[in-house]
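Chains, contacts and geometry: an overview
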Amino acid sequence: MTASRRMMLTGAASATAAALAGALPGAQAQTAAPAGTARSARTEAAPPLLRARRLKVGDTIGLVSPANATYEREPLEIAVETLEALGFKVKLGANVRGRYGQFGGTDVQRAADINDFFADDEVAGILALTGGSGCNRIVDKLNYALIRRKPKFFGGFSDLTSLVNAIHKQTGLITFHCPVAGSEWNEFSLQHFRAVAMDAQADLLQNPQGERGANLVQREDRISTLRPGVARGPLVGGNLAVLSSLAGSPFFPDTRGAILFLEEVNEYIYRVDRMLSTLRLCGALDQLAGVVLGKFTQCGPGDGSFGTLTLDEVFDDYFLPLNVPVYRGAMIGHIKRKFTVPVGQPAEMDARAGTLRLLSAAVL
């Protein structure tokens, strides 16, 4: 091939690429990243931080079912009575009793309930009835422009990890990894929810201290420091399986300079390892400020797993090389007593003390 022919083909290819980029809305011509570049590296500016108005007694909470269906009437009744006992009025989503397979309605229905409640001026905040699965199916169906215009409290945990991170990523709104309406609202969970979502406190998230029971030392809800240190950054994270499933999508959180919090339930250790490898391979662990590991409940080796790594070893493998503060055991996860963690809120962690302190109020 002659030099002039190569130049013609190269020029034609460049022109075609430019034309294709211009034909796609918002598209830009891109070149391949150099080897070793973190795949999660992003250059777009994050949206400005938004804070919802604090929830007050007498406010109306919109109750939605964006994940699993609730098959019996009583759990819904208990959830409504619980929110009313907290002092709220309750407005049910149009499809909160819906069912499509295991989901609480079709994708369109579940997304519509959330969009409708963000548009509804009567509703001060939106809370999920339960977790389960299915939220990934609707993250691309939310009206993020509407949410930016009309920010309000949005909360849940477990499968809601998709939505609380997606909403924050797309809009800048601080969302809440918190009990769902069907959770056990014990005094511990209620205290932290009120402090963060209702009283606008810069809450200190610290495990109960000195609860020994009949034992000589505290055995439950202990903190384990993997690497001591103090770090500051915005909080992002949630359920490991759900978070890792967002990797590579525009709804995955920006982890640069962030404090990553993770929890899991009912997953074999090799699966936990695989999920953490997904976060590592997509570059999500590269520029963290710190890591807070919550409860990894019933995450064991599984039947017939000979010579498996322990959770301690898995965590050491992934987090110690980062050279950032890391601690384990925070009251975050599929447990009865849990923190309310505002996603996107700047916080300070102390890995030796096992504390997370919000640097300001997460609501107005």
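Each remark here, short or long, concerns the structure printed above.
1. Describing the overall build of the protein
Tallying secondary structure elements over the protein gives nine helices and 14 strands in all. Burial status across the protein gives 50% buried among its 364 residues. For the protein, the proportion of contacts with a sequence separation of at least 24, taken over those separated by at least 6, is 79%. For the protein, the accessible surface area stands at approximately 17,100 Å², while carbon and sulfur atoms represent 51% of it.

2. Some details on the sheet that holds strand E4 (residues 153-156)
Pairing in this open sheet of six strands is mixed, and the strands run E2-E1-E3-E4-E5-E12 from one edge to the other. The two strands at the open ends of the sheet, each matched to only one other strand, are strand E2 (89-92) and strand E12 (341-343). Between one strand and the next, the sheet's axes are offset by a mean angle of 30°, whatever the strand orientation. Where strand E3 (residues 125-128) and E4 come together, three bridges link them in parallel fashion. Among the inter-strand pairings, Gly 125 is bridged to a residue of E4, identified as Phe 153.

3. Points about the sheet that holds strand E8 (residues 230-239)
Ordered in space as E6-E14-E13-E8-E9-E10-E11-E7, the eight strands form an open sheet in which the pairing is mixed. Edge positions in the sheet fall to strand E6 (204-206) and strand E7 (224-227), since each has one partner strand and no second. For this sheet, the mean inter-axis angle between neighbouring strands, taken without regard to orientation, is 30°. In this sheet, strand E14 (residues 355-358) lies alongside E6 in antiparallel orientation, the contact comprising three bridges. Looking at the pairing, Gln 206 lines up with Thr 355 of E14.

4. Topic: the packing of aromatic side chains
As enumerated under the stated definition, the model contains nine aromatic pairs in all. Look at Phe 153 and Phe 176: their rings are 4.7 Å apart centre to centre, the planes differ by 20°, and that puts the pair in the stacked class. Here Phe 153 is found in strand E4, whereas its partner Phe 176 is found in strand E5 (residues 175-177), with 23 residues between them in sequence. In this pair, the class of Phe 153 matches that of Phe 176, namely buried. Above the plane of the ring of Phe 157 lies Lys 338, whose end atom (NZ or CZ) is 4.7 Å from the centre.

5. Let's talk about the side chain of Lys 338
Mapped onto the elements, Lys 338 comes out in the loop between strand E11 (326-328) and E12. One buried charged side chain, Lys 338, makes no salt bridge at all; its nearest oppositely charged neighbour is Glu 184, positioned 8.2 Å away. In this structure the side chain of Lys 338 is engaged in a polar contact, spanning 2.6 Å, whose partner is the backbone oxygen of Ile 335. Discounting residues that sit within four places of it in the chain, Lys 338 has contacts with Phe 157, Pro 179, Ser 183, Phe 188, Ser 189, Met 331 and Gly 333.

6. Remarks on the side chain of Arg 110
Within the element layout of this structure, Arg 110 appears in helix H3 (residues 107-119). Residue classification places Arg 110 among the buried residues on the basis of a relative accessible area of 1%. A polar contact is formed between the side chain of Arg 110 and the backbone oxygen of Gly 105, at a distance of 3.0 Å. Looking at Arg 110, its side chain comes within polar contact range of the side chain of Asp 107, at 2.4 Å. Once residues within four sequence positions are removed from consideration, Arg 110 is found in contact with Ser 65, Pro 66, Ala 67, Phe 103, Gly 104, Gly 105, Gly 134, Cys 135, Arg 137 and Ile 138.

Scoring rules and cut-offs
- Residues numbered from 1 in each chain as written.
- Predicted model: local features only at pLDDT ≥ 70, side-chain atom pairs only at ≥ 80, totals over all residues.
- Heavy atoms only, no water.
- Helix = DSSP H or I, 4+ residues; strand = E, 2+ residues; numbered from the N terminus.
- Buried < 20%, exposed > 50% of the residue type's maximum accessible area, 1.4 Å probe, protein only.
- Contact = heavy atoms within 4.5 Å.
- Areas by Shrake-Rupley, 256 points an atom, 1.4 Å probe, with all protein chains shown as cover.
- Pairing = 2+ DSSP bridges.
- Axes fitted to C-alpha atoms, helices over the stretch in contact; angles between N-to-C directions.
- Phe/Tyr/Trp six-rings, centres within 6.5 Å; stacked < 30°, edge-to-face > 60°.
- Lys NZ or Arg CZ within 6 Å of the ring centre and 35° of its normal.
- Lys, Arg positive; Asp, Glu negative; His and termini not counted.
- Salt bridge = Lys/Arg side-chain N within 4 Å of Asp/Glu carboxyl O.
- Polar contact = N/O pair within 3.5 Å; in protein donor to acceptor, adjacent residues only side chain to side chain.

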